[in-house]
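Chain by chain, the residues:
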Amino acid sequence: MLAIITGTICPSGDMKQLAICNAEERLEQYKKSLRFFIGSGAFSKIVFAENSNYGAKALEDLSDYARKNRVQLEILSFAGNTVQSILQGKGYGEGEIMQYVMEHSELLKGEAFFVKITGRLQVHNIREITKKLKDQRTYFNIPNRTRKDIYDTRIYAMPIEQFREKFMPVYTQVMDDEGVYLEHVYTRQIVNRGIRVYNFPVYPRIEGISGSRGTIYVYSEWKCKIRDMISRFNYYTIKKNRKR
């Protein structure tokens with residue numbers, strides 16, 4: 001299975017809503033995350049793409065680790081449209097990264113399905129999750145039980161061709177200052193295009209730190225056990241996408 005991990009190592013100092021700006025700190029967090037996913041046994045291919053043109057050399061020490069774990073690792077580093085990202089927000093930058101991966105990744109060729117994960121996070125049960133995914137389905141969860149109007153974009157999965165056709169172009173609609181985030185844009189596509197969404201087969205155990213608000217993500221295992229059971233009923237979707 002293939003993972004796409006997105007990031008921005010050296011963000012512009014003018015980027016709004018950014019809690020962690022130090023490039024070296026962010027780089028070490030990305031390395032930690034990549035080492036985790038490489039060693040997780042969940043993926044045979046990992047594409048890490050970042051849009052600050054920091055350079056692939058900064059991550060080349062992970063290549064040996066990937067080979068030892070029999071994982072193909074591809075690092076893509078490019079200069080994104082900083083002006084537009086500052087104007088429209090971080091979701092614009094992430095959408096731009098995903099488009100770049102779709103157009104330039106060598107590992108993506110011949111693949112039918114991917115799991116996308118936001119960089120600097122760890123999903124502790126990712127191997128259990130990927131073992132149960134079906135490559136014809138689209139997987140999203142709502143962020144939590146109190147937010148039933150948007151889908152979480154920290155981790156999602158779907159067929160590559162579906163992403164190219166229905167999700168890739170719409171990131172240009174993001175406008176953070178107007179409260180239109182990438183989560184809203186993707187949710188609107190799901191609803192308007194009638195895309196059938198499934199919860200992840202087991203609830204993701206996410207740990208890490210948000211680069212935008214500095215939020216520390218932790219989880220309680222006993223609560224996640226309950227969420228695992230609820231996920232079987234597709235509870236963590238917006239109402240229109242739940243099973244009837």
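Residues numbered from 1 in each chain as written. Predicted model: local features only at pLDDT ≥ 70, side-chain atom pairs only at ≥ 80, totals over all residues. Heavy atoms only, no water.

## Overview of the overall build of the chain
Here is step 1: Assigned secondary structure in the chain consists of 8 helices and 10 strands.
Here is step 2: For a compact globule of 244 residues, the expected C-alpha radius of gyration is about 18 Å, and the chain comes in at 17 Å, within 12% of that figure.
Here is step 3: Expressed as a percentage of its 244 residues, the buried residues of the chain come to 51%.
Here is step 4: Within the chain, residue pairs in contact and separated by at least 24 positions form 75% of the contacts whose partners lie at least 6 positions apart. (Helix = DSSP H or I, 4+ residues; strand = E, 2+ residues; numbered from the N terminus. Rg over C-alpha atoms; globule rule 2.2 N^0.38 Å. Buried < 20%, exposed > 50% of the residue type's maximum accessible area, 1.4 Å probe, protein only. Contact = heavy atoms within 4.5 Å.)

## Overview of the packing of helix 6 (residues 160–167) against helix 7 (residues 182–192)
Here is step 1: Where helix 6 meets helix 7, the axes come as close as 11 Å, and the angle between the chain directions of the two elements is 100°. In terms of axis orientation, helix 6 runs roughly perpendicular to helix 7. Taking contact as the criterion, the partners of Phe163, Lys166 and Phe167 in helix 6 are, on helix 7, Tyr186, Gln189 and Ile190.
Here is step 2: Split into classes, the residues belonging to the contact of helix 6 with helix 7 amount to 4 nonpolar, 1 polar and 1 charged. (Axes fitted to C-alpha atoms, helices over the stretch in contact; angles between N-to-C directions. Parallel < 35°, antiparallel > 145°, perpendicular 65-115°, else oblique. Nonpolar A, V, L, I, M, F, W, Y, C, P; charged D, E, K, R; others polar.)

## Observations regarding the pairing of strand 1 (residues 2–7)
Consecutive side chains along a regular strand alternate between the two faces of the sheet.
Here is step 1: Within strand 1, 6 of the 6 residues are buried, which leaves it mostly tucked inside the rest of the structure.
Here is step 2: Pairing of strand 1 with strand 4 (residues 113–118), which is carried by 4 bridges, proceeds in the parallel orientation. What sits directly across from isoleucine 4, in strand 4, is lysine 116. (Pairing = 2+ DSSP bridges.)

## Focus: the environment of phenylalanine 36
Here is step 1: Checked against the element boundaries, phenylalanine 36 lands in helix 1 (residues 23–39).
Here is step 2: With a relative accessible area of 22%, phenylalanine 36 lands in the partly exposed category.
Here is step 3: On a C-alpha basis, the gap between phenylalanine 36 and lysine 239 in space is 34 Å, while along the polypeptide they are 203 residues apart.
Here is step 4: Residues in contact with phenylalanine 36, not counting those within four places in the same chain, are Gln122, Val123, His124 and Ile126.

## Notes on the pairing of strand 9 (residues 206–209)
Here is step 1: Covered by surrounding structure in strand 9 are Ile206 and Gly208 only, the residues Glu207 and Ile209 on the alternate face being uncovered.
Here is step 2: Where strand 5 (residues 121–123) meets strand 9, 3 bridges bridge the pair, whose relative direction is antiparallel. Within strand 9, the position partnered with valine 123 by the bridge is isoleucine 206.

## Quick look at the sheet that holds strand 9
Here is step 1: Pairing is antiparallel in the open sheet, where 3 strands are placed in the order 5-9-10. Among the strands making up the open sheet, the edge pair consists of strand 5 and strand 10 (216–217).
Here is step 2: The strands that helix 1 touches are strand 5 and strand 9; relative to strand 5, the one it contacts most, it runs at about 20°.

## Observations concerning the pattern of salt bridges
Here is step 1: Taken as a whole, this structure holds 14 salt bridges when the rule is applied.
Here is step 2: With its nearest N and O atoms 3.6 Å apart, the salt bridge here joins aspartate 61 to lysine 31. In this pair, aspartate 61 is assigned in the loop between strand 2 (45–50) and helix 2 (62–68) and lysine 31 in helix 1, connecting sequence segments 30 residues apart.
Here is step 3: Among the ionic pairs, glutamate 165 bridges to arginine 193, the shortest N-O distance being 3.7 Å. Of this pair, glutamate 165 sits in helix 6 while arginine 193 sits in the loop between helix 7 and strand 8 (197–198), placing them 28 residues apart in sequence. (Salt bridge = Lys/Arg side-chain N within 4 Å of Asp/Glu carboxyl O.)

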